[in-house]
Amino acid sequence: MSSKEAKMIIEKDFKISEIDPRIYGSFIEHLGRAVYGGIYEPGHPEADENGFRKDVINLVKELNVPLIRYPGGNFVSGYNWEDGVGPLENRPQRLDLAWKTTETNEIGINEFMKWANMANAEVNMAVNLGTRGIDAARNLVEYCNHPSGSYYSDLRISHGVKEPYKIKTWCLGNEMDGPWQIGHKTAEEYGRIACEAAKVMKWVDPSIELVACGSSNRAMPTFAEWEATVLDHAYDHVDYISLHQYYGNQEDDIANYLALSLEMDDFIRSVISIADYVKAKKRSKKTINLSFDEWNVWYHSNEADKLIEPWSVAPPLLEDHYNFEDALLVGCMLITLLKHADRVKIACLAQLVNVIAPIMTEKKGKAWKQTIYYPFMHASNFGRGVVLNPLVSSPKYDSKDFTDVPYLESTAVYNEETEELTIFAVNRSQEDSLSLTCDIRNFDGYSVVEHLVLENENIKQTNSAKDSPVVPHKFGNTVLDSGIVTAKLPKLSWNVIRLAGKK
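Note that this is a predicted model, so its numbers are computed, not measured.

Novice: Even after reading the chapter, I still don't get the overall build of the protein chain, so can you show me in this structure?
Specialist: Secondary structure summary: the protein chain contains 11 helices and 25 strands in total. Overall size of the protein chain, expressed as C-alpha extent along the three principal axes, is 65 × 60 × 50 Å. Expressed as a percentage of the 503 residues in the protein chain, the buried residues total 61%. When contacts within the protein chain are restricted to residue pairs at least 6 apart in sequence, those whose partners lie at least 24 apart make up 77%. Accessible surface, the protein chain as shown: approximately 19700 Å² in total, 49% of it carbon and sulfur. For the protein chain, the centre of its 53 positive side-chain charges and the centre of its 71 negative side-chain charges are spaced 3 Å apart.

Novice: Just checking my understanding: could you explain the nonpolar core for this structure?
Specialist: One broad rule of soluble globular proteins: the nonpolar side chains tend to lie buried together. Within the largest apolar cluster, 146 residues are counted, with the highest numbers of intra-cluster contacts made by Trp115, Trp170, Leu172, Tyr190 and Trp295. Of the residues forming this core, the biggest block, 11 residues, is contributed by helix H10 (residues 324-339). Setting aside its immediate chain neighbours within four residues, Trp295 contacts Gln245, Tyr246, Met264, Val330, Met333, Leu334, Leu337, Ala347, Cys348, Leu349, Ala350 and Phe376. Counting 22 residues, the second largest nonpolar core, distinct from the first, contains Leu421, Cys438, Leu489 and Ile497.

Novice: Is there a simple way to explain the sheet that holds strand S10 (residues 240-247) in this structure?
Specialist: Pairing between sheet strands relies on hydrogen bonds along the backbone, with the strands arranged either parallel or antiparallel. Spatially, the eight strands close up into a barrel ordered S3-S4-S7-S8-S9-S10-S11-S12, and their pairing is parallel. The average angle at which neighbouring strand axes cross in this sheet is 30 degrees, direction not considered. Two strands pair when backbone bridges link them, and strand S9 (residues 209-212) and S10 are joined in this way by two bridges, in the parallel orientation. Across the sheet, Ala212 pairs through a bridge with Ile241, a residue of S10. Docked against the sheet, helix H8 (residues 260-281) engages S10, strand S11 (289-297) and strand S12 (344-350), running at close to 160 degrees with respect to S10.

Novice: Please explain the pattern of salt bridges as it appears in this structure.
Specialist: Two side chains bearing opposite charge may form a pair once their charged atoms approach each other closely. One pass over the full model with this rule turns up 31 salt bridges. Residue Lys369 is joined to Glu62 by a salt bridge in which the shortest nitrogen-to-oxygen separation is 3.0 Å. Here Lys369, found in strand S14 (residues 367-369), pairs with Glu62, found in helix H1 (residues 54-63); they are 307 residues apart in sequence, far enough to count as distant. For Lys369, a relative accessible area of 19% translates into the label buried. Since its relative accessible area comes to 35%, Glu62 is described here as partly exposed.

Novice: What am I meant to see in helix H5 (residues 187-204) here?
Specialist: Structural remark: α-helix, 3.6 residues per turn; residues separated by three or four positions point the same way. Taking 1.5 Å per residue, 18 residues should reach 26 Å; H5 reaches 26 Å between its end C-alpha atoms and fits that length. Every buried residue belonging to H5 is among Ala187, Tyr190, Gly191, Ile193, Ala194, Cys195, Ala197, Ala198, Val200, Met201 and Lys202, and all of these are buried. At its buried positions, H5 is contacted by strand S7 (122-127), helix H3 (134-145), strand S8 (169-172), S9 and helix H6 (225-234).

Novice: What's the story with the sheet that holds strand S1 (residues 3-9) in this structure? I'm lost.
Specialist: With mixed pairing, five strands are arranged side by side in an open sheet as S16-S1-S21-S24-S23. Where the open sheet ends on each side, the last strands, each with one partner, are strand S16 (391-393) and strand S23 (477-481). When the angles between neighbouring strand axes are averaged without regard to direction, this sheet yields 15 degrees. Where S23 meets strand S24 (residues 484-489), five bridges bridge the pair, whose relative direction is antiparallel. Residue pairing for S24: Val479 is matched across the bridge by Thr486.

So, how was this worked out
All residue numbers refer to position in the chain's written sequence, counted from 1. Local features in a predicted model are, by the rule used here, given only for residues with pLDDT of at least 70; side-chain atom pairs are given and counted only at 80 or more, and totals for whole chains, interfaces and linings are based on all residues. Excluding hydrogens and water, the side-chain figures rest on all heavy atoms present in the structure. Every helix listed is a DSSP run of H or I at least four residues long, and every strand listed is a run of E at least two residues long, numbered separately from the N terminus. The classification of residues rests on relative accessible area computed with a 1.4 Å probe and restricted to protein chains. Under 20% of the type maximum is buried, over 50% is exposed, and intermediate values are partly exposed. When checking whether two residues touch, look at their non-hydrogen atoms; a contact exists if any pair is within 4.5 Å. What sets the accessible areas is the Shrake-Rupley method with a 1.4 Å probe; for residues, cover comes only from the shown protein chains. His is not counted here, nor are the chain ends, while Lys and Arg score as positive and Asp and Glu score as negative. For charged residues, the charge sits on one atom: NZ in Lys, CZ in Arg, CG in Asp, CD in Glu. We define the nonpolar core as a collection of buried residues of types Ala, Val, Leu, Ile, Met, Phe, Trp, Tyr and Cys that are connected through side-chain atoms lying within 4.5 Å of one another. Pairing between strands is defined by DSSP: at least two bridges between them are needed. Every axis in this analysis is a line fitted to C-alpha atoms, fitted for helices over the stretch in contact. Angles between the N-to-C directions lie between 0 and 180 degrees. A side-chain nitrogen of Lys or Arg and a carboxyl oxygen of Asp or Glu constitute a salt bridge if their distance falls within 4 Å. Given the number of residues in a helix, its expected span is that number minus one, multiplied by 1.5 Å.

Dropping the structure here:
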């Protein structure tokens, strides 16, 4: 097998930004089997006294997810949060128009907050700006965050939760630019309600941070104009603008598919430009950062979803079974997010369990790891600290929709506290390994800890409850001599090269 050559120079002082841990967030919506049959399955051998599956919690903990967006997604635009609090026997069953299912409301805010606490995660709470508005939004903040002595805070206490949750991050609705959204709005309509909701929510609790809805994806006909209009109205009262993007390999073109992270990169740059345009227009000293609060691969389950019986409870919706090539793209997308850590402060892999998720469960059976679990786990656990700005030289290729696609997709993260340097790298080449030479002479006294590799001869290989052929190994080929790292990156591979100084 032949080999291509790539080079990197990594300097400690060439920094992009400190990484906000929330960039490794995820998402659980009341959709399909994410909640019922996913995190919650009373009677399961692994269920605790609350009905939460301990095997699922353990897999979430392995991912080290610091933030989970909840309860939607499209679901939130028709959700009355009051339905999910108080005595279980008084909670109504509702038709969820977003996904044509029946919501039992067995799990609501208090149950989910308890679960998130067990999973060591904060919650990014979304409010309904579809069928509801600023009144329900401020009441929810009061219920969750106000200590006591008011109607909604005392209602929470009567539900057995004495201490306020102090939820920091809040989403102002979901995908309000989409005609599919319950309560779809124009940019003017949404900008006004986002502004007014933000004001009253922060009047209840000035410490919270708010995410305004950006475009549902870059292909929306209103993209760019939507962001500019919304921020024109809400700029002074919000802290983030959201981005959503899913990719698929419907045309079965691996070269083009693995290049899609370049489109993600351009999407991020575009939204930064729009936010900064509004900043300049307003002569503001405040910078709006980005919340990429839905991102993943999503296309495998599209046909199966058309066959689901309407109004059923927790049907198997959006259950993509990911293959090896999907894990490579997820790795490229993670690297792209890290490259923009100066502005992308929150990101949520959508979603976490069963629904387009790294974790899958069987009813009354096993919980298991999909292929995409591994790059996310590696990035979340080893990608803490400061993301550096390495000088990268790589051979390139052209694909159907992209020119000058680097075979090497890579970045480096330096954790000064633990004296660790981690290089994340994807080799996009289908034929050749990549010889990577990396100058780290600035990191005196470092040595190689391990070189993790995710590779498979079959790019369509999936994992299942019975068998997991797509798992990383620790036998990567990396040598460090006189400050020069020499690594061999196998064709079509995700690589994590970990180096550490002397303790």
